[in-house]
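Topology and contacts: notes
Each chain, letter by letter, is given below.
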Amino acid sequence: MPNPEDNFPTQYKYSWSKNSELPLDDFLTKFKPSMVQNDGTKPWIWVRQGEPSKEDQNVDEAIIEAAELLNEITEKVENIKNDASIPVRSNKKTGAKSKKELREEVQTQATQQLKAIAIKHGYVSGKWLIFAPADKVDAAWRSIASSLISGPLSSTAAYLAKVATSPAQESPNYQHIICIYMPDVYDKESITEVMRVLLRHHGATLSGVKSNLYTSIGIDSKHASGIQSTTWKNTALMEDSKIKELKDEFFAELGSKSEATAKPQSSVADKADPEDKLSNMTKRKLKLKKKSNDDPFASNEEDSEEKSPKPKQKMAKANKATLKRDADDESPKQAKKATTSKPKFKTALSDDDSDSEAERRTTLAAKKRKSVRTVKETSKDDNDDNEDNDNERPKKRRAIKK
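Predicted model only: the values in this text are computed from it and were never measured. (Residues numbered from 1 in each chain as written. Predicted model: local features only at pLDDT ≥ 70, side-chain atom pairs only at ≥ 80, totals over all residues. Heavy atoms only, no water.)

Okay, the overall build of the protein next. The helix and strand tally for the protein stands at 14 helices and six strands. Counting over 402 residues, the protein shows a buried share of 33%. Sequence-distant contacts, at least 24 apart, represent 72% of the contacts inside the protein between residues at least 6 apart. For the protein, the accessible area works out to roughly 26,200 Å², and carbon and sulfur atoms hold 50% of it. (Helix = DSSP H or I, 4+ residues; strand = E, 2+ residues; numbered from the N terminus. Buried < 20%, exposed > 50% of the residue type's maximum accessible area, 1.4 Å probe, protein only. Contact = heavy atoms within 4.5 Å. Areas by Shrake-Rupley, 256 points an atom, 1.4 Å probe, with all protein chains shown as cover.)

Rendered as structure tokens:
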């Protein structure tokens, strides 16, 4: 029986065809391979373009015959590996072949025999293999699925595609496999045509073409027979230089499209309101100024503050002028009070206390003169001392009155 994983499921939530009620774009948005987790019932997401141009024939007979051949080849390879008489390295003098050379001869012959079985029975369908990492699989799958239905792939022999869903448990560096089905993997021309589209229009990293017959009999890269798991390698269909050229063209076109998308956005910005542009320029300048300023606490208004006097500086100058006027006004008053107060002391004090009273008067007069000088000197101090001068002034006045 053919492998059920190669058959499109008709009654399956995660499959799409042209008969589906949901549009393709909605289907691809709803069921993303990175978001659908395989719990054993949904290993694949499918998209079908139509019927293959060639239907497989005599599938069961082909599988039976190919499976028997595979068992024989596996046994031969094991015998070569375990035969001690076969040297590990070849000997040109004796003509003895190495174990590796003998195994490769058997494996190459088996590949040709399997091809003959497939063609004889008519079981020749297969698929292109592409591997995509988890962070890119959604975009890659959408691109290929859309292309298959209404893009470049729709004009090729490709008719069906599927992508692996995410594993039930997280797996580091997990690779999703994408398969693009072909009706005949031995039709080199049609296979190469699809290869060209996948490289030029999708920039795909291809892993070769695999026959569905190989899948049905269990041949993979780890099979004990060592048979090559793909019926076509990339370089057997196209030279490396051509492969690189097609992929480079895809990425160059992708880059030009990105630039073209960015240009309309810039033109819209150029047509913006001049006032808005000026405001935006001012904001950008302020941001640049903040970035260039090493001091995280610096103000953005430094330039304006340097150009115009600060309010505190204005207040300091005003306070300085006031202090000077007060000092000038106080000097004659203090001298007058000192003169008029002398008779009071003379009449109020006795003769015995005259000497001590004279000393106190002298001391008081010296203090008054010193206070006047202090007021005048303080008025000439720096701006940073203005607040202290304001607090000291009442105290000095009280000292003078005393």
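Non-glycine residue N58 carries a positive phi angle of around 45°. Relative to the helices and strands, N58 is located in the loop between β2 (44–48) and α2 (59–82). A relative accessible area of 43% means that N58 is categorised as partly exposed. Of note in this structure, N173 is not a glycine but carries a positive phi near 60°. As for its placement among the helices and strands, N173 is situated in the loop between β4 (160–164) and β5 (175–182).

Take the layout of surface pockets next. Put simply, the second largest pocket is a space of about 460 Å³. Taken together, 21 residues make up the lining of the second largest pocket; nearest its centre are A140, S143, H202, G203 and F250. For the lining of the second largest pocket, the elements supplying multiple residues, two or more each, are β3 (126–133), α4 (137–150), α5 (188–202) and α8 (240–270). Across the lining of the second largest pocket, the residue classes break down as twelve nonpolar, six polar and three charged. (1 Å grid on protein atoms, 1.4 Å probe; cavity = no way out; pocket = protein on both sides within 12 Å on 5 of 7 lines; lining within 4 Å. Points joined across faces, edges and corners; volume = space filled by probe spheres on them. Nonpolar A, V, L, I, M, F, W, Y, C, P; charged D, E, K, R; others polar.)

Now for the pairing of β4. A large share of β4 lies buried, amounting to five of its five residues. In this structure, β2 lies alongside β4, joined through five bridges in antiparallel fashion. Note on β4: the bridge partner recorded for R48 is L160. The sheet contact formed by β4 and β5 spans four bridges and is antiparallel. Bridged to V163 within β5 is I178. (Pairing = 2+ DSSP bridges.)

Here we come to the nonpolar core. For soluble globular proteins, the rule of thumb is that nonpolar side chains tend to be buried together. Within the largest apolar cluster, 63 residues are counted, with the highest numbers of intra-cluster contacts made by V47, W128, W141 and L198. A total of nine residues in this core trace back to one element, the largest contributor, which is α2. Within the second largest apolar cluster, ten residues are counted, among which are W44, Y159, L160 and C179. (Core = buried A, V, L, I, M, F, W, Y, C linked by side-chain atoms within 4.5 Å.)

Next up on the list: the packing of aromatic side chains. Two aromatic rings are characterised by how far apart their centres lie and by the angle between their planes. Evaluated as defined, the whole model comprises six aromatic pairs. Pairing Y12 with Y14 gives two aromatic rings, centres 5.6 Å apart and planes at 65°, and the pair type is edge-to-face. Among the residues examined, Y14 registers a relative accessible area of 12% and is labelled buried. Measuring from centroid to centroid gives 4.9 Å for F250 and F251, while their planes differ by 70°, and the two rings are edge-to-face. Here F250 falls in the buried class, since its relative accessible area comes to 15%. Ring pairs connect the aromatic residues Y12, Y14, F27 and F31, which therefore count as one cluster. Residue placement shows K162 over the ring face of W44; its charged tip is 3.7 Å from the ring centre. (Phe/Tyr/Trp six-rings, centres within 6.5 Å; stacked < 30°, edge-to-face > 60°. Lys NZ or Arg CZ within 6 Å of the ring centre and 35° of its normal.)

With that settled, the discussion passes to α2. The first and last C-alpha atoms of α2 sit 35 Å apart over 24 residues, in line with the 34 Å expected at 1.5 Å per residue. Within α2, burial applies to V59, A62, I63, A66, L69, L70, I73, T74, V77 and I80. Packing partners of the buried residues in α2 comprise α3 (99–121) and α6 (212–217). (Expected span 1.5 Å × (residues − 1).)

Bringing the confidence of the model for the protein into the picture now. With 66% of its residues at a pLDDT of at least 70, the protein reaches an overall mean of 78. Segment residues 329–353 is flagged for pLDDT under 50; beyond a separation of four residues in sequence, or across chains, it makes twelve contacts in the model. For the stretch residues 380–402, pLDDT sits under 50, and the model shows 21 contacts to residues farther than four places along the chain or on other chains. (pLDDT = per-residue confidence, 0-100.)

In space, the six strands of this open sheet follow the order β1-β2-β4-β5-β3-β6, with mixed pairing throughout. The open sheet has two free edges, formed respectively by β1 (15–16) and β6 (206–211), since each of these has just one partner strand. With eight bridges joining them, β3 and β5 adopt antiparallel strand pairing. Note that in β5 the partner of W128 across the bridge is I180. Strands β1, β2, β3, β4 and β5 of the sheet are contacted by α4, whose axis makes an angle of about 25° with β2. (Axes fitted to C-alpha atoms, helices over the stretch in contact; angles between N-to-C directions.)

Looking at the element boundaries, K99 is found in helix α3. For the buried K99, no salt bridge exists, and the shortest N-O distance to an oppositely charged side chain is 5.9 Å, to D83. Reaching out from K99, the side chain makes a polar contact with the backbone oxygen of I80 at a distance of 3.0 Å. Only 2.5 Å separates the side chain of K99 from the backbone oxygen of D83, close enough to count as a polar contact. Once you skip the residues sitting within four places of it in the chain, K99 turns out to touch I80, K81, N82, D83, A84, I86, P87 and V88. (Lys, Arg positive; Asp, Glu negative; His and termini not counted. Salt bridge = Lys/Arg side-chain N within 4 Å of Asp/Glu carboxyl O. Polar contact = N/O pair within 3.5 Å; in protein donor to acceptor, adjacent residues only side chain to side chain.)

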